[in-house]
Amino acid sequence: MTDYLFAPAGVFAIPVRGEAAAYPVRRIFCVGRNYAAHAAEMGGEVDREAPWYFTKSVVHAVASGAELPYPAGTDNYHHEMELAFAIGAPVFRADDKAAAAAIFAYGCALDMTRRDRQQDGKDKRRPWDLGKDVEGSAVFAPMTRVADFGAVGGQRIHLEVDGETRQDATLHELVWSCVEVVAHLSRYYHLGPGDVVMTGTPAGVGPVLPGQVVTGGIDGLDPIELRIGAAE
Ligand code: MN
């Protein structure tokens, strides 16, 4: 038995509908610009050559229903509603068939973002960590196994702030499919159980304020909620 100088970080796990056991997360990958209308509102366009990524620390993940302080270091904290999926089997340099077989479950997620700090990164050609790898910024609802969800297609994906619709699209608008993302990402990582991917957000991102409630959903999946507390 190794003694530790302090208590190691705990495991973050996502409940899976119909399963007694939860899905322990080891890595969180996020796809940049995967809906053309969102890329346009950010002043860019989708890179048709290949998807690209940023990551979030697992210790920054929280379960749907949480109330978290409005984070320090921003005056422009944004919501991004996303389809997330979880990998269920080892997959490396996968073809589309192996990539598809490796996807275990889907769920609603929020990629909360310090938009001002992300913009700093873009302007100064620096990494996005202060914008994206924000404490409490990776929010996950319980997931649904692929077999219980079916094919990704025309499902509606939407987000509300205090009940007012802000994002409203369908999963048809995803530029890079989940399968394509797994096939591509597996050229760079030995993907496997515990790896979760947020697939990007549709148009309509915008700010949240202390005291507001963010809700979201995707047809066929458990909804998601985040309560924004007072500013730190
Ligand atoms: Mn995002």
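Structure: above.
Throughout what follows, the structure given in this document is the object of discussion. (Residues numbered from 1 in each chain as written. Predicted model: local features only at pLDDT ≥ 70, side-chain atom pairs only at ≥ 80, totals over all residues. Heavy atoms only, no water.)

At 2.0 to 2.1 Å from the manganese ion lie its protein donor atoms, namely Glu80 (OE), Glu82 (OE) and Asp111 (OD). As a motif over one chain, the donors of the manganese ion read E-x1-E-x28-D. Of this pair, glutamate 82 sits in strand β8 (residues 81–87) while aspartate 111 sits in strand β9 (residues 103–111), and the two are 29 residues apart along the sequence. Each member of the pair glutamate 82 and aspartate 111 is classed as buried. (Donors = N, O, S within 2.8 Å, 3.2 Å for Na, K, Ca; no water. Helix = DSSP H or I, 4+ residues; strand = E, 2+ residues; numbered from the N terminus. Buried < 20%, exposed > 50% of the residue type's maximum accessible area, 1.4 Å probe, protein only.)

Quick look at the pattern of salt bridges now. In the structure shown here, the tally under the stated rule is 13 salt bridges. One salt bridge in this structure joins arginine 17 and aspartate 222, with 2.7 Å as the shortest N-O distance. Of this pair, arginine 17 sits in the loop between β1 (13–14) and β2 (23–24) while aspartate 222 sits in the loop between β17 (213–218) and β18 (224–231), and the two are 205 residues apart along the sequence. Residue arginine 17 is classed as partly exposed on the basis of its relative accessible area, which comes to 38%. (Salt bridge = Lys/Arg side-chain N within 4 Å of Asp/Glu carboxyl O.)

Quick look at the sheet that holds β17 now. Judged by pairing direction, the sheet is mixed, and its five strands sit side by side in the order β6-β18-β17-β13-β14 without closing on themselves. With partners counted over all chains shown, the strands left at the sheet margins are β6 (67–70) and β14 (164–170), one partner each. Put simply, the sheet's adjacent strands are angled 20 degrees from each other on average, direction ignored. (Pairing = 2+ DSSP bridges. Axes fitted to C-alpha atoms, helices over the stretch in contact; angles between N-to-C directions.)

Right, let's get into the packing of aromatic side chains. In this description, an aromatic ring pair is defined by two values, namely the gap between the centres and the angle between the planes. Going through the model one piece at a time under the given rule, you end up with seven aromatic pairs. Where phenylalanine 54 meets tryptophan 128, the ring centres are 5.8 Å apart and the plane angle is 55 degrees; that geometry is what we call tilted. Of this pair, phenylalanine 54 sits in strand β4 (residues 53–56) while tryptophan 128 is found in the loop between α3 (115–124) and α4 (129–132), placing the two residues 74 residues apart along the sequence. Taken together, the ring pairs in this structure connect Trp52, Phe54 and Trp128 into an aromatic cluster. (Phe/Tyr/Trp six-rings, centres within 6.5 Å; stacked < 30°, edge-to-face > 60°.)

Of all the five residues making up strand β3 (residues 27–31), four are buried; the element is thus mostly covered by neighbouring parts of the structure. The pairing of β3 with strand β15 (residues 195–198) spans four bridges and is parallel. Along β15, the bridge assignment pairs arginine 27 with aspartate 195. As judged from the four bridges shared by β3 and β4, these two strands associate in the antiparallel manner. Paired with cysteine 30 across the bridge in β4 is phenylalanine 54.

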